Amino acid sequence: MAPTEAIEVNGEPATETTLRVPALSGYGHFTAMQVRAGRVRGLDLHLARLDSATRELFGAGLAGERVRELLRHALREVSDASARVHVHWPDGDKEARVMITVRPPTTKDGRPHGLMSVPFAREVPHIKHLGGFAQTYYLLRAERAGFDEALLTAPGGLVTEGAITNIAFWDGTHVVWPQAPSLLGITMALLEPRLPSVRRPVTLADLPSYRSAFITNSQGIAPVDRIDEVAFTVDAELMGTVAAAYEAVGWDVV
């Protein structure tokens, strides 16, 4: 991972004191985004995610305009970046504590990815919460085994999501998003209505019935060429359609 270039907490440079909460508490949530020329794809979805999760975890919301103001401040010296917005709410604070990290920009290079299935599904999967020990553990195991990403599966081999991605399959007619408890990633949320999408359960036993697959996250999209021992065709036409749908998404000014 790229080193953190800057960290601000509630609009101020992080200090030893303000970093104690994120360092010692895993209770919170975040969203990750790519910033280009001060703009973000799906910014309204990021803000809605942050507000919804803050309400569920802490009992009160997080105003989108406050997040935008803090983002603008953290990004004031850069136009392109990888940014994360972390939310905690320590006891005694009157409002949510917002930590923003700014790193160099990152984009998927489009090369085919290999995935290794693992027997793990995220807890409270609809929230992009902190404390992803198991995801990191299985992702590293996958990388050491020669794969690029881990594919998380529930009992019965039910496909849920990647360790840090969403996954979709192509049956020749539809883009199939696994119907299973998982995080609705922002890139997935942007692409799903722009593609011939359906949702249905997908199991490891079903994989040979699909022609192609691809993954998505804040860094973009990439084709999948294998999951375990199952090979997938890298369909140039499909990936061109997906890329065109992604490029058609507007960029919102922070």
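Above this note sits the structure.
Definitions and limits used
- Residues numbered from 1 in each chain as written.
- Predicted model: local features only at pLDDT ≥ 70, side-chain atom pairs only at ≥ 80, totals over all residues.
- Heavy atoms only, no water.
- Pairing = 2+ DSSP bridges.
- Helix = DSSP H or I, 4+ residues; strand = E, 2+ residues; numbered from the N terminus.
- Contact = heavy atoms within 4.5 Å.
- Axes fitted to C-alpha atoms, helices over the stretch in contact; angles between N-to-C directions.
- Buried < 20%, exposed > 50% of the residue type's maximum accessible area, 1.4 Å probe, protein only.
- Lys, Arg positive; Asp, Glu negative; His and termini not counted.
- Salt bridge = Lys/Arg side-chain N within 4 Å of Asp/Glu carboxyl O.

1. A short note on the sheet that holds strand 1 (residues 6-9)
Here is step 1: Strands sit in the order 2-1-6-5-3-4-16 across an open sheet of 7 strands; the sheet is antiparallel. Each having just a single partner strand, strand 2 (12-13) and strand 16 (251-253) make up the two edges of the open sheet.
Here is step 2: Relative to strand 16, strand 4 (residues 39-41) runs antiparallel, the two being bridged by 3 bridges. Counterpart to Arg-41 in the pairing with strand 16 is Trp-251.
Here is step 3: Packing of helix 3 (residues 64-74) onto the sheet brings it into contact with strand 1, strand 3 (29-36), strand 5 (81-88), strand 6 (97-103) and strand 16, and relative to strand 6 it is tilted by some 35°.

2. A look at the side chain of Asp-235
Here is step 1: Within the secondary structure layout, Asp-235 lies in the loop between strand 15 (230-231) and helix 6 (236-247).
Here is step 2: Nearest to the buried, unbridged Asp-235 among oppositely charged side chains is Arg-211, at 4.0 Å.
Here is step 3: For Asp-235, the contacting residues outside a window of four places in its chain are Trp-170, Arg-211 and Ser-212.

3. Comments concerning the pairing of strand 3
Here is step 1: Among the 8 residues that make up strand 3, 7 are buried, leaving the element largely enclosed by the rest of the structure.
Here is step 2: The pairing of strand 3 with strand 5 spans 7 bridges and is classified as antiparallel. Each residue of the ladder has a partner; that of Phe-30, found in strand 5, is His-86.
Here is step 3: The pairing of strand 3 with strand 4 spans 2 bridges and is antiparallel.

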